[in-house]
Number of protein chains: 2
Amino acid sequence: MAPSLLTTPSQALALAPGAAASRVGGGGGGSARVSFPSGRVQRRGALGMRVRASVAIEKETPESEPPPTFLREDGSGAGSGSVRERFEAMIRRVQGEVCAALEEADGSGARFVEDVWSRPGGGGGISRVLQDGRVFEKAGVNVSVVYGVMPPDAYRAAKGEAGKNGAAADGPKAGPVPFFAAGISSVLHPKNPFAPTLHFNYRYFETDAPKDAPGAPRQWWFGGGTDLTPSYIIEEDVKHFHSVQKQACDKFDPSFYPRFKKWCDDYFYIKHRNERRGLGGIFFDDLNDYDQEMLLNFATECADSVVPAYIPIVERRKDTPFTEEHKAWQQLRRGRYVEFNLVYDRGTTFGLKTGGRIESILVSLPLTARWQYDHTPEEGTEERKLLDACINPKEWLDL
Amino acid sequence: MAPSLLTTPSQALALAPGAAASRVGGGGGGSARVSFPSGRVQRRGALGMRVRASVAIEKETPESEPPPTFLREDGSGAGSGSVRERFEAMIRRVQGEVCAALEEADGSGARFVEDVWSRPGGGGGISRVLQDGRVFEKAGVNVSVVYGVMPPDAYRAAKGEAGKNGAAADGPKAGPVPFFAAGISSVLHPKNPFAPTLHFNYRYFETDAPKDAPGAPRQWWFGGGTDLTPSYIIEEDVKHFHSVQKQACDKFDPSFYPRFKKWCDDYFYIKHRNERRGLGGIFFDDLNDYDQEMLLNFATECADSVVPAYIPIVERRKDTPFTEEHKAWQQLRRGRYVEFNLVYDRGTTFGLKTGGRIESILVSLPLTARWQYDHTPEEGTEERKLLDACINPKEWLDL
């Protein structure tokens, strides 16, 4: 297979949903779709240096039916009961359950359209998108499995063994490192300005031993999170959402919720606005300093918490009456969502640079958004209250 | 003054409009506006390397009236008849003329709101924005003057003297290089889907001699362009627009139009879509290989061509009847505009990273935009015709 040379576990996993799906059957003829040429990606760094990333994404093949598994049948970690296998089974189960719950909440009879694809060298994915339902403006739920190769320096850096400035430390030279990545990724944009946007993403990453250093240990990481982006603060909803996240965390480690809540506030930060895009939740990345079974169970618990954390909020708010002003504010906040995703989100920006399937990457963008020059909500308004909470993240629970 | 350490003439000049304006008085209380901290900007390059840019933008001061000039009174190129002085006078005159023509075309009595600002160490700007007029959804016309300091390597790279990979070539060591930049920058988004969006930007950049190498020559560059982004191809309009660009070019050099037309097609390229954002025009950057007087006259001619190139098109199309489908397609194309500006545009991305005034930088974004999953216009439609021309740039004139 063509190699995917990635630089960090996060980039590989961020890539997984981005590289997903050749086409969902819902929208017009696909013949005009432009395939993005694989190849070497160059871009100019902040100091004008040319930073080169070697990336070649293998072309995907549409499939008519989801296969039982996207794992390779070469025994490399695909054995019964392996973490890879159990993680893939989990994200596919959760994809089905989340989509079913969303269709029921939408209540319009609108259904997710599904696209299945595979890659000749192994891996593939299932993209599901519901567009223009009664409740949801745009809802995408994707799973994918990626096999790739990362440069040895990135492998060493990810293990924390790299020298200063990412240069390789001394030690035996290693070759490119094959990796496995699997993830579920979703953004849900409701129509009603009082029903919040939800994003969640859970991912597992594993390397093989480096090819030229067979004795080196296999590495693995978990990453992910679930975060809420309302246009208006309804405390009952935000507290419910955060308390479900905390419950999931507390089953595993009392330090998780406060740590991952802060990580979430730090990650979803629109630096040029000095605002977060929303009211947070939990986020973690490159997590491997706990028992692997424990983290698999934790990721599973988090993914299983999406429906109980979110659906009750949507049910309560999907029919709330609203004005044009409420809608305009929601649209301004959606503009912030676009800014975050296009400028900062690691999965999106990496996907755009490496030639992932563009419609799958940008399904996270809202159907509509707005940029009004110099708009600042007045003191004392509900809009200002939301903005203040995005500027100064709050603790929503009594810890 | 606090130094602005920039890396290329283009970045400096791109910064000029981005760093403009403390506030335009049109929209709500400004007291909540968050000031962006100056400081060192870090970001991760494509290979995970941390690339550091030293940038500190001096805080601007609002002014009640435009001063006669934003040039420093220290005699450094500000003498009567200098290129700096004549360029500043030109962009300020053009700003006034373009705004007057736009107000007249809008015909609603809507007026540009103006914000004037200066920096203690020299420089400043005038931002003018017309929002929600009868014809224009959002129109911004900014001029600015920036004094800053660029690292010596960037100076050498810009002069074409740098060694491989941007490293300094042999020769005497030079210190930071003070520079001067001035520019006019504008994006005009009409409401009617048959009236195209226009962007233009003209800029002049000049360095002093390096501080530690006083014998080194002073450098200067011109940059800019004017480009058209319609949602529908009306050949009469596109040909008119390009022919005005060509006329301006042909007065100076017969090679200019074909060369700058191609440069424009190459620059406004949305790589992840394999599409241009529109139907081009002219674009040039870092231009100094012609007589300086000639290029000043050329930039002036180009800037003076904005009104005759654009206003007749707007007049013809501002009241064209349209359907919801036309509007939805315009909104999808506006989404592409957002993608280009946030992901690729050098001025925007540099401005976001360096803490320029965010509302001035993002005034280029449309009031509203749309992202529809997997939308591909059908063969034979007007929408498809536009898309095809964005994928395969056409020659609009018989050359």
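Let us look at the structure shown here. (Residues numbered from 1 in each chain as written. Chains lettered and ligands numbered in written order. Predicted model: local features only at pLDDT ≥ 70, side-chain atom pairs only at ≥ 80, totals over all residues. Heavy atoms only, no water.)

1. Observations concerning the overall build of chain A
At step 1: Helix and strand counts for chain A stand at 11 helices and 13 strands.
At step 2: Sorting the 399 residues of chain A into buried and exposed places 60% on the buried side.
At step 3: Taking all contacts inside chain A whose residues are at least 6 apart in sequence as the whole, residues at least 24 apart take part in 74%.
At step 4: Working note: accessible area of chain A is about 14700 Å², and carbon and sulfur atoms make up 50% of it. (Helix = DSSP H or I, 4+ residues; strand = E, 2+ residues; numbered from the N terminus. Buried < 20%, exposed > 50% of the residue type's maximum accessible area, 1.4 Å probe, protein only. Contact = heavy atoms within 4.5 Å. Areas by Shrake-Rupley, 256 points an atom, 1.4 Å probe, with all protein chains shown as cover.)

2. Considerations on the packing of aromatic side chains
Residue and element names in this part refer to chain A.
At step 1: Using the criterion set out here, one finds 50 aromatic pairs over all chains in the structure.
At step 2: An angle of 5° between the planes, with centres 4.3 Å apart, marks the rings of Tyr267 and Phe283 as stacked. One end of the pair, Tyr267, is in helix H5 (residues 256-267); the other, Phe283, is in strand S12 (residues 281-287), with 16 residues separating them in the sequence. (Phe/Tyr/Trp six-rings, centres within 6.5 Å; stacked < 30°, edge-to-face > 60°.)

3. A closer look at the pattern of salt bridges
Pairing of side chains with opposite charge becomes possible as their charged atoms draw close.
Residues and elements named next belong to chain A.
At step 1: All chains considered together, the criterion is met by 66 salt bridges over all chains.
At step 2: Glu236 is the salt-bridge partner of Arg317, the closest N and O atoms lying 3.2 Å from each other. Of this pair, Arg317 sits in helix H7 (residues 306-317) while Glu236 sits in helix H4 (residues 235-250), and the two are 81 residues apart along the sequence.
At step 3: What makes Arg317 buried here is its relative accessible area of 13%.
At step 4: The partly exposed category is assigned to Glu236, whose relative accessible area is 47%. (Salt bridge = Lys/Arg side-chain N within 4 Å of Asp/Glu carboxyl O.)

4. Overview of the pairing of strand S12 (residues 281-287) of chain B
All names here are of chain B.
At step 1: Judged by how many residues are buried, S12 sits mostly within the fold: six of seven residues are covered.
At step 2: In this structure, strand S9 (residues 220-229) lies alongside S12, joined through five bridges in antiparallel fashion. Residue pairing for S12: Thr226 is matched across the bridge by Ile282. (Pairing = 2+ DSSP bridges.)

5. Things to note about the environment of Ile282 of chain B
Residue and element names in this part refer to chain B.
At step 1: Along the polypeptide, Ile282 turns up in strand S12.
At step 2: Ile282 sits in the buried class, given a relative accessible area of 0%.
At step 3: The spacing of Ile282 and Met90 is 192 residues in sequence and 19 Å in space, taken between C-alpha atoms.
At step 4: Residues within four places of Ile282 in sequence aside, it is in contact with Tyr202, Gly224, Gly225, Thr226, Gln245, Cys249, Tyr257, Phe260, Lys261, Cys264 and Cys302.

6. Concerning the sheet that holds strand S5 (residues 123-131) of chain B
Where strands meet in a sheet, backbone hydrogen bonds hold them as pairs that are either parallel or antiparallel.
Residues and elements named next belong to chain B.
At step 1: One open sheet accounts for eight strands, arranged S3-S4-S5-S6-S7-S8-S9-S12; its pairing is antiparallel. Because the sheet does not close on itself, it has two edges, and the strands there are strand S3 (61-63) and S12. Averaged over all neighbouring strand pairs, the angle between strand axes comes to 15°, with direction disregarded.
At step 2: Of the pairings in the sheet, the one linking strand S8 (residues 197-207) to S9 comprises 10 bridges and is antiparallel in character. What sits directly across from Asn201, in S9, is Gly225.
At step 3: The sheet strands contacting helix H6 (residues 292-304) are S8, S9 and S12, and the helix crosses S9 at an angle near 20°.
At step 4: Across the sheet, helix H7 (residues 306-317) touches strand S6 (136-150), strand S7 (177-190), S8 and S9, and the angle it forms with S8 is around 165°. (Axes fitted to C-alpha atoms, helices over the stretch in contact; angles between N-to-C directions.)

7. Details of the side chain of Glu103 of chain A
Residues and elements named next belong to chain A.
At step 1: Considering the arrangement of structural elements, one finds Glu103 in helix H2 (residues 83-106).
At step 2: Engagement of the side chain of Glu103 in a polar contact is seen with the backbone nitrogen of Phe112, the distance being 2.8 Å.
At step 3: Excluding residues within four positions of it along the chain, Glu103 makes contact with Ala110, Arg111, Phe112 and Leu130. (Polar contact = N/O pair within 3.5 Å; in protein donor to acceptor, adjacent residues only side chain to side chain.)

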